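Tertiary structure, described
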Amino acid sequence: QWINMLRKKRVISFNAISHSQKREFEQAGINIEGVVYHGIPTDRFSLDENKSDYLFTIGTISPEKGQHIAIEIAKKAGRPLIIAGEIHPVNEAYWEEMVRPYIDGDQIKFVGSKTDEEKIPLYQQAAALLFPIQWKEPFGLVMIESMACGTPVIAYSRGAVPEVVKDRETGFVIQETGNKEEDLEAMVKAINNLDTINSKACRTHVEQNFNIQKEARDYLSLYKKLINSN
């Protein structure tokens with residue numbers, strides 16, 4: 001969609017929000033001037049080292065976000081799962097067929113769409129954020145929000161995930177094998193090794209690489225480069 005939009009608007013140059021997105025654009029013939037990662041106001045997403053045992057996944061309820069996969073992972077791991085997200089009309093069939101039947105209000109809970117203020121405690125107290133995406137996510141803002149709260153991320157290695165999460169330091173980046181059962185077992189193994197991840201390391205990673213001040217500085221540097229080149 002992004003690529004088609006840029007072609008229609010005849011955009012001459014563009015910045016990407018990850019190197020993964022940059023490669024996608026350049027392969028499609030879109031000129032990319034630089035990569036600027038998203039940032040967040042880290043003071044709003046405060047560190048909490050006291051974790052519960054539940055897993056958390058948040059995002060638009062859709063096949064691409066993989067809530068159905070998160071449910072399978074939680075069941076295999078024997079862990080509670082809290083799902084947050086908005087259901088758009090286009091994804092109602094997915095919700096009704098692949099997600100809703102497994103919401104039992106006990107092990108698998110759905111809490112709907114959440115504001116920033118409402119989702120922060122869910123991040124803070126979770127054992128981990130599950131991010132079993134089924135597409136090449138250009139960035140994944142929820143990953144840095146989670147890590148800022150000291151909560152590690154367990155995600156499939158798609159799109160920008162390897163750029164955002166430091167494997168075995170701020171979470172686990174799962175390389176898919178093409179065998180669904182093996183990939184699910186790799187996710188469960190990561191869950192069982194969460195005690196090897198330090199909450200403060202998650203927080204520091206975001207402070208150093210994904211804070212909103214750094215994002216602003218990087219955009220200013222990019223703008224200056226473009227001005228000086230013309």
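Scroll up to find the structure this text is about.
Criteria and thresholds
- Residues numbered from 1 in each chain as written.
- Predicted model: local features only at pLDDT ≥ 70, side-chain atom pairs only at ≥ 80, totals over all residues.
- Heavy atoms only, no water.
- Buried < 20%, exposed > 50% of the residue type's maximum accessible area, 1.4 Å probe, protein only.
- Helix = DSSP H or I, 4+ residues; strand = E, 2+ residues; numbered from the N terminus.
- Pairing = 2+ DSSP bridges.
- Right-handed = clockwise from strand over helix to strand, strands pointing away.
- Core = buried A, V, L, I, M, F, W, Y, C linked by side-chain atoms within 4.5 Å.
- Contact = heavy atoms within 4.5 Å.
- Phe/Tyr/Trp six-rings, centres within 6.5 Å; stacked < 30°, edge-to-face > 60°.
- Expected span 1.5 Å × (residues − 1).
- Arc of directions from axis to C-beta.
- Salt bridge = Lys/Arg side-chain N within 4 Å of Asp/Glu carboxyl O.

**A closer look at the pairing of strand E8 (residues 171-174)**
With burial as the criterion, each face of E8 is covered, one bearing Gly171 and Val173 and the other bearing Phe172 and Ile174. Bridge count between strand E7 (residues 153-156) and E8: four bridges; the pairing is parallel. Paired with Ile154 across the strands is Phe172, a residue of E8.

**What about the pairing of strand E4 (residues 81-84)?**
Burial along E4 is two-sided: the residues Leu81 and Ile83 and Ile82 and Ala84 are all buried. As defined by bridge partners, strand E3 (residues 55-58) adjoins E4 across four bridges and the pair is classed as parallel. Across the sheet, Thr57 pairs through a bridge with Ile83, a residue of E4. Taken together, E3, helix H3 (residues 67-77) and E4 constitute a β-α-β crossover, and its handedness is right-handed. Examined bridge by bridge, E4 and strand E5 (residues 108-112) share four bridges and lie parallel to one another. Looking across to E5, one finds that Ala84 is bridged to Gly112.

**Concerning the nonpolar core**
Phe56, Leu81 and Ile154 are the most contacted members of the largest nonpolar core, which totals 60 residues. Considering each element in turn, this core owes the most residues, six residues, to H3. Residues in contact with Leu81, not counting those within four places in the same chain, are Leu55, Phe56, Thr57, Ala70, Ile71, Ala74, Gln107, Ile108, Lys109 and Leu130.

**Some remarks on the environment of Ala126**
Checked against the element boundaries, Ala126 lands in the loop between helix H5 (116-125) and strand E6 (128-131). Overall, the relative accessible area of 1% leaves Ala126 in the buried class. Residues Ala126 and Asp167, spaced 41 residues apart in sequence, show a C-alpha to C-alpha distance of 19 Å. If we skip the residues at most four places from it in the chain, Ala126 touches Lys51, Ser52, Tyr54, Phe56 and Thr151.

**Points about the packing of aromatic side chains**
Across all of its chains, the model carries seven aromatic pairs by this definition. Between Phe56 and Tyr123, the aromatic rings sit 5.5 Å apart at their centres with planes inclined by 85°, giving edge-to-face as the arrangement. One end of the pair, Phe56, is in strand E3; the other, Tyr123, is in helix H5, and 67 residues separate them in sequence. Summarising the burial analysis for this pair, Phe56 and Tyr123 share the class buried. With centroids separated by 5.9 Å and ring planes inclined at 75°, the aromatic side chains of Phe139 and Phe210 adopt a geometry described as edge-to-face. Linking Phe139 in the loop between E6 and helix H6 (141-148) with Phe210 in the loop between helix H9 (199-209) and helix H10 (212-229), this pair joins segments that are 71 residues apart in sequence. Accessibility expressed as a relative area gives 2% for Phe139, which makes it buried.

**Section: helix H8 (residues 180-192)**
Between its first and last C-alpha, H8 extends 19 Å over 13 residues, near the 18 Å set by a 1.5 Å rise per residue. Those residues of H8 lying buried are Asp183, Leu184, Met187, Val188, Ala190 and Ile191. Along the long axis of H8, the arc covered by the buried residues comes to 155°, so they all point the same way. Those residues of H8 that are exposed and angled more than 90 degrees off the buried face are Lys189 and Asn192.

**Quick notes on the pattern of salt bridges**
In total, this model carries 16 salt bridges according to the counting rule given. Across the pair Glu72 and Lys180 runs a salt bridge whose closest N-O atoms are separated by 2.8 Å. With a gap of 108 residues between them, Glu72 in helix H3 and Lys180 in helix H8 connect regions that are remote in the sequence. On the basis of relative accessibility, which here comes to 25%, the residue Glu72 falls in the partly exposed class. Classification of Lys180 by relative accessible area gives partly exposed; the value is 44%. Connected through shared salt-bridge partners, Arg44, Asp116, Glu117, Lys119 and Glu145 make up one network.

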